[in-house]
Amino acid sequence: MESFINFRPLCSNIYTENNMIFRTGTVFRDNEEHFRIIKKYKIKYFIDFRTEKEIVTNTFLITRLEREGVKWFNYTINNYKDDKIEKNPTVNNYALYYLGILEHGKKGIYGFFKFLSNIPNIEPIVYGCSLGKDRTGIISYLLLNILEGRSSDIYNDYCITKDFLLSNSQVIQYFADKGVLDYEKRCNTDNNILKIFEKIFEKRYFSVSHYLCHIGITEADQINIKKKWGKKTIG
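Residues numbered from 1 in each chain as written. Predicted model: local features only at pLDDT ≥ 70, side-chain atom pairs only at ≥ 80, totals over all residues. Heavy atoms only, no water.

## Considerations on the packing of helix α8 (residues 151-159) against helix α12 (residues 191-205)
The interhelical angle for the contact between α8 and α12, taken along N-to-C directions, is 125°, at an axis separation of 9 Å. Here α8 is positioned oblique relative to α12, judged by the angle of their axes. Like other packed secondary-structure pairs, α8 and α12 cross with a definite hand, here right-handed. Here Ile154, Tyr155, Tyr158 and Cys159 of α8 come into contact with α12, specifically with Asn191, Ile193, Leu194, Lys195 and Glu198. Considered class by class, the residues forming the contact of α8 with α12 number six nonpolar, one polar and two charged. (Axes fitted to C-alpha atoms, helices over the stretch in contact; angles between N-to-C directions. Helix = DSSP H or I, 4+ residues; strand = E, 2+ residues; numbered from the N terminus. Parallel < 35°, antiparallel > 145°, perpendicular 65-115°, else oblique. Left-handed = near helix turned anticlockwise from the far one by under 90°. Contact = heavy atoms within 4.5 Å. Nonpolar A, V, L, I, M, F, W, Y, C, P; charged D, E, K, R; others polar.)

## Comments concerning the packing of helix α6 (residues 106-118) against helix α7 (residues 135-146)
At a closest axis distance of 12 Å, the pairing of α6 and α7 adopts a crossing angle of 40°. In terms of orientation, α6 and α7 fall into the oblique class. Like other packed secondary-structure pairs, α6 and α7 cross with a definite hand, here right-handed. Along its contact with α6, which presents Ile109, Phe112, Phe113 and Leu116, the element α7 presents Ile139, Leu142, Leu143 and Ile146. Classifying every residue of the contact of α6 with α7 by side-chain character gives eight nonpolar, no polar and no charged.

## Some points on the pairing of strand β3 (residues 45-48)
Neither face of β3 is open: one carries Tyr45 and Ile47, the other Phe46 and Asp48, and all of them are buried. In this structure, β3 lies alongside strand β4 (residues 71-74), joined through four bridges in parallel fashion. Paired with isoleucine 47 across the strands is phenylalanine 73, a residue of β4. Taken together, the four bridges between β3 and strand β5 (residues 125-128) define a ladder with parallel strand orientation. Counterpart to aspartate 48 in the pairing with β5 is glycine 128. (Buried < 20%, exposed > 50% of the residue type's maximum accessible area, 1.4 Å probe, protein only. Pairing = 2+ DSSP bridges.)

## Regarding the sheet that holds β3
Strand order in the open sheet made by the five strands is β1-β2-β5-β3-β4, with mixed pairing throughout. In this open sheet, the two strands that pair with only one neighbour each are β1 (8-9) and β4. Across two bridges, the pairing between β1 and strand β2 (residues 21-24) is antiparallel. When the sheet's bridge partners are listed, proline 9 is paired in β2 with phenylalanine 22.

## Thoughts on the state of the cysteines
Chemically, a disulfide is nothing more than a covalent bond linking the sulfur atoms of two cysteines. With the rule as written, the count across this model stands at zero disulfides. Free cysteine: cysteine 129, not disulfide-bonded; nearest cysteine sulfur from cysteine 187 at 12 Å. Residue cysteine 129 is classed as buried on the basis of its relative accessible area, which comes to 5%. (Disulfide = S-S within 2.5 Å.)

## Describing α12
Its 15 residues give α12 an end-to-end C-alpha distance of 20 Å, which sits within 8% of 21 Å, the value for a rise of 1.5 Å per residue. Every buried residue belonging to α12 is among Ile193, Leu194, Phe197, Glu198, Phe201 and Tyr205, and all of these are buried. Buried residues in α12, looked at end-on, bunch into an arc of 125°, giving them a common side. Facing away from the buried side of α12 by more than 90 degrees, the exposed set consists of Lys199 and Lys203. In this structure, the buried side of α12 is in contact with α5 (91-104), α6, α7, α8 and α13 (208-215). For α12, the N-terminal cap is aspartate 190; the gap from its side-chain oxygen to the backbone nitrogen of asparagine 192 is 2.7 Å. Of the residues trailing α12, phenylalanine 206 is marked for its positive phi of about 75°. (Expected span 1.5 Å × (residues − 1). Arc of directions from axis to C-beta. Polar contact = N/O pair within 3.5 Å; in protein donor to acceptor, adjacent residues only side chain to side chain.)

Geometric descriptors of this kind do not, in isolation, establish any biological role.
This is how it looks when you write it as structure tokens:
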């Protein structure tokens, strides 16, 4: 039985305290089995990057999370263009797409990182979008950089997404409903995408820390996030 799409610990808990930060896609059917993972990992917060239009397609999710004692927060990341990706998901188009997410989704990105910095009690959280791939992937890239992740680990956390997506029938149906015929290309998370993205990103913002400062997440916030959520010792 399938659960939340693409649910997993951020970078296999290498840089975070065990079972504290998870990334995910959503779930499209209200089923007891789908929510077992929320109970298993004692998730206390669900951070949703989806738009209002996306959320209304499965409003049961919010109601069900509340029933399970999970606090739901919506930090919408939107206003970026995805038409090129839907029609022609090339490596270069993906890199530009991710830059667009960062440039047009600043309000939601700011809200998420402020949440991580200001939260009083550290309890298990999960964050995600519809498939846990693009918005979730680029947020994970930023967060792992704050946590001083090695490039190889950050790349791997991004790349394994396609394995989670291509094995899930909900994903195939999701793209079919959107009229996307070549869903395998749309699920692509090749590391060359991040390599090209990084070149464009660093040319414009220099570093993740500078980008976050640019949108209002101060160096003090970033240090606070690392102290609160980072693993105390990394082997």
